[in-house]
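Observations on chain architecture
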Amino acid sequence: MTALDETPTELDTVTTTHPTSHAKLIAWVDEMAALTTPDRIHWITGTPEEHQALLDELVAAGTFTKLDKKPNSYWCASDPTDVARVEDRTFICSVDEEDAGPTNNWMDPGEMRVIMRDLYRGSMKGRTMYVIPFVMGHLDAEKPMFGVEITDSPYVVVSMNVMARTGTKVLEALGTDADFVPAMHSIGAPLEPGQADVAWPCNDTKYIVQFPESREIQSFGSGYGGNALLGKKCYSLRIASVMARDEGWLAEHMLILKLTSPQGTVNYIAAAFPSACGKTNLAMLEPTIPGWKVETLGDDIAWMRFGKDGRLYATNPENGLFGVAPGTGWDTNPNAMRAIDAGGSVFTNVALTDDGDVWWEGMTPEAPAHLTDWKGRDWTPDSTEPSSHPNSRFCTPIRNCPILAEEYDDPQGVPISAILFGGRRKTTIPLVTESRDWTHGTFMGATLSSETTAAAVGAVGVVRRDPMAMLPFIGYNAGDYFQHWINVGKDADSTKLPKIFYVNWFRRDAEDGSFLWPGFGENGRVLKWVVERLEGTAAAVETPIGHVPAPGSLDVDGLDVSAEQLEKALAVDPEEWKAEVPLIQEWFDKIGDKTPTTLLTELDGLKARLGL
Ligand code: GDP
Ligand code: PGA
Ligand code: MN
Ligand code: MN
């Protein structure tokens, strides 16, 4: 018998009636229940009592450990094989293969539906099926973006309660016939009568499937965030990017921040960096330069639509932060530390301290003398492996963020004046480059490259093209996606479009391998230069790749960086760029016929300027 069965709670009710009269929703839930045969069905209401009952149940099941040192917060360790997004198991099942494009895995939707039905058959046996009505973005948005996730994982439920707006208020807003994205999830670990459960049930077979035409999601086998919290990557990026293409807006892997200058001028900036490349940190920046202030609107996803005034307005569809733990500390990201200290957090795959707190590499300069590592083993500073998985995460309500901008509550969003693209590159890419115009900026985004990180299963540190930091998230053909970006610019008033910049906090000294730029709070200096470029007050020099800061135009007052190091961080090295060009060419060859000719023209221009 499992703890679930031993301790009947208010959650143990079998629902035979549906708390809605939405016919399509009822039919889908009934069909999924008949297929997966759960012992119980529970419609999530979203009350604090229900949330607490789920947390208590997760503690009783041995999945969660309640932390003594943080208010209402929990530690959790996943199965060691279920720690990150699985890009090779992620599919875009468009009707035509060409619509998935050369960057996505594709399978015929009919074939995939058969596979998924077979996997789901009986997969919730012995478990509770939770039905989570949710909305991405605001419930009072002009067109609320509804979804309903079905899952057999209480971990997913409590995480979705943090990351999205969930429960009865959403179900009521759905009414009897509003559109919603059906998002089906099962960990794929049925329990036979009497079979003991494990702390993190999951399945070796994993599928993360999007059906773009019918706007459906089906996920199997994993409990990890990006694979299982289906409102996040699956809906707000993969499905939403298809909606955005069809409706003329943008669904992007971007943070949103509000930057106020010492003179009180406000600019809103969006920035796309690949997973684990600095979005959460930049979104919560504490600038080191006096008088500059950053406030947070979002740290992972931006939906951008044109307003009546012709400007591009961004909203954050999420309600929580799902941040990379390692490297997050009082020195690097004090606002994230304050957010997680405020309570209501779930920590996954970090280390546990002996006094009931969490720790991870980079939180404090010195490690505690003894920890329980993410695999449940004793850990000391002499241990050979890190205490926390490199992709360990904190999941925290966004309201905990002490510098949350008040505009976060505005369903209209904020007008963006600059977009930054960035990646993790040891070489070649300078600290900051300004594009000449929207098309050139689109070229920068489309050719963005970054070293792979632990946020996805697979090799780490391999340079790959990650267009607009969206490689794993574009729900359609990448060539069409580039054309969509071009079209957005063509249709707009160019004077009102955001200016596009390319940044790299991760360039390294060829001699000793150290970071050339100190990063974190010092990145405020780059934001200052960006704003001064918007205002036309900072000087720049033209290079083959775009405009870079003229000597002296980047504020380095009080910065502990040598002139030589700074020069290396800002350098545009023609030899490095000559080596980069064939990689860009190869990338466009891979995209094939759908590569917009405007981008090929941009590449020709770059070659010519490099003398190639
Ligand atoms: P996200 O996944 O894009 O949101 O990235 P995070 O902000 O969580 O950062 C991922 C990792 O990169 C963390 O370990 C950070 O400490 C590290 N990081 C973030 N910003 C910087 C920076 O400016 N410089 C350096 N060197 N590391 C950074
Ligand atoms: P990240 O979010 O971008 O903050 O790492 C999770 C992910 O992209 O997998
Ligand atoms: Mn992300
Ligand atoms: Mn993040």
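Residues numbered from 1 in each chain as written. Chains lettered and ligands numbered in written order. Predicted model: local features only at pLDDT ≥ 70, side-chain atom pairs only at ≥ 80, totals over all residues. Heavy atoms only, no water.

**Side note on the UniProt feature "binding site: GTP" (unreviewed entry) in the protein**
Per the UniProt record, the feature "binding site: GTP" (unreviewed entry) sits at A276, C277, G278, K279, T280, N281, R393, R424, F520, G521, E522 and N523. Taken along the chain, the residues just named run across 248 residues; in space they spread out, the farthest C-alpha pair reaching 24.1 Å. Within the annotated group just given, the residues that line the largest pocket are A276, C277, G278, K279, T280, N281, R393, R424, F520 and N523. Structurally, T280 can be placed in helix α9 (residues 279–283). Here T280 falls in the buried class, since its relative accessible area comes to 14%. The contact partners of T280, leaving out residues within four places of it in the chain, are D299, G323, N333 and F394. Tracing the chain through its elements places N523 in helix α13 (residues 523–535). Exposure remark for N523: the relative accessible area of 4% places this residue in the buried category. The contact partners of N523, leaving out residues within four places of it in the chain, are L282, L285, W505 and W517. (UniProt positions renumbered as here; feature names shortened; annotations may be inferred. 1 Å grid on protein atoms, 1.4 Å probe; cavity = no way out; pocket = protein on both sides within 12 Å on 5 of 7 lines; lining within 4 Å. Helix = DSSP H or I, 4+ residues; strand = E, 2+ residues; numbered from the N terminus. Buried < 20%, exposed > 50% of the residue type's maximum accessible area, 1.4 Å probe, protein only. Contact = heavy atoms within 4.5 Å.)

**Describing the site of ligand 1**
Surveying the vicinity of ligand 1 reveals 18 residues, the closest of which are A276, G278, K279, N281 and P326. Within the backbone of G278, a nitrogen or oxygen atom sits 2.8 Å from an oxygen atom of ligand 1. Contact between ligand 1 and G327: an oxygen atom at 3.3 Å from a main-chain N or O atom of the residue. Across the complex, the protein chains shield 91% of the 580 Å² of accessible surface that ligand 1 would expose by itself. Counting atoms within 2 Å of the grid points, the majority share of ligand 1 lands in the largest pocket. With 3 residues, α9 is the largest single contributor of residues to the shell around ligand 1. Classifying every residue of the shell around ligand 1 gives 9 nonpolar, 7 polar and 2 charged. (Near = heavy atom within 4 Å. Polar contact = N/O pair within 3.5 Å; in protein donor to acceptor, adjacent residues only side chain to side chain. Areas by Shrake-Rupley, 256 points an atom, 1.4 Å probe, with all protein chains shown as cover. Sits in = over half its atoms within 2 Å of the grid points. Nonpolar A, V, L, I, M, F, W, Y, C, P; charged D, E, K, R; others polar.)

**With respect to the sheet that holds strand β18 (residues 346–348)**
Backbone-to-backbone hydrogen bonds join strands into a sheet, with any given pair of strands oriented parallel or antiparallel. With mixed pairing, the 5 strands of this open sheet are ordered in space as β2-β3-β18-β23-β17. In the strand order of this sheet, the two ends are held by β2 (64–66) and β17 (320–324), each with one partner. For this sheet, the mean inter-axis angle between neighbouring strands, taken without regard to orientation, is 20°. In this sheet, strand β23 (residues 393–397) lies alongside β17 in antiparallel orientation, the contact comprising 5 bridges. For G320, the partnering residue across the bridge sits in β23 and is P397. Against the sheet, helix α5 (residues 154–163) makes contact with β2, β3 (74–76), β17, β18 and β23, and its axis sits at roughly 55° relative to β23, the strand it touches most. (Pairing = 2+ DSSP bridges. Axes fitted to C-alpha atoms, helices over the stretch in contact; angles between N-to-C directions.)

**Concerning unusual backbone geometry**
One non-glycine residue with positive phi stands out, namely R215, at about 55°. Phi at N349 is positive, roughly 70°, even though this residue is not glycine. With respect to the helices and strands, the residue N349 is situated in the loop between β18 and β19 (351–353). Since its relative accessible area comes to 3%, N349 is described here as buried.

**Topic: the pairing of β23**
Among the 5 residues in β23, 4 count as buried, and that is most of the element. Here β18 runs beside β23; their pairing, made up of 3 bridges, is antiparallel. Each residue of the ladder has a partner; that of V346, found in β23, is C395.

**With respect to the environment of A608**
In this fold, A608 is placed in helix α16 (residues 597–609). Put simply, A608 and P544 are 64 residues apart on the chain and 8.6 Å apart in space, counted from C-alpha to C-alpha.

**Some details on the coordination of the manganese ion (ligand 3)**
Coordination of the manganese ion (ligand 3) by the protein is provided by K233 (NZ), H253 (NE2) and D300 (OD), with metal-donor distances spanning 2.0 to 2.2 Å. Site description for the manganese ion (ligand 3): donor spacing in sequence, K-x19-H-x46-D. A separation of 5.6 Å is found between the manganese ion (ligand 3) and the manganese ion (ligand 4). A residue pair is termed long-range when its members are at least 10 positions apart, and K233 in helix α8 (residues 231–247) and H253 in the loop between β11 (250–252) and β12 (254–260) qualify at 20 residues. (Donors = N, O, S within 2.8 Å, 3.2 Å for Na, K, Ca; no water.)

**Quick look at the nonpolar core**
If you look at the biggest cluster of nonpolar residues, it comprises 122 residues, and the most contacted ones within it are M304 and W485. Counting residues per element, this core draws most heavily on α8, which supplies 8 residues. Counting 33 residues, the second largest nonpolar core, distinct from the first, contains A283, A418, V432 and V561. (Core = buried A, V, L, I, M, F, W, Y, C linked by side-chain atoms within 4.5 Å.)

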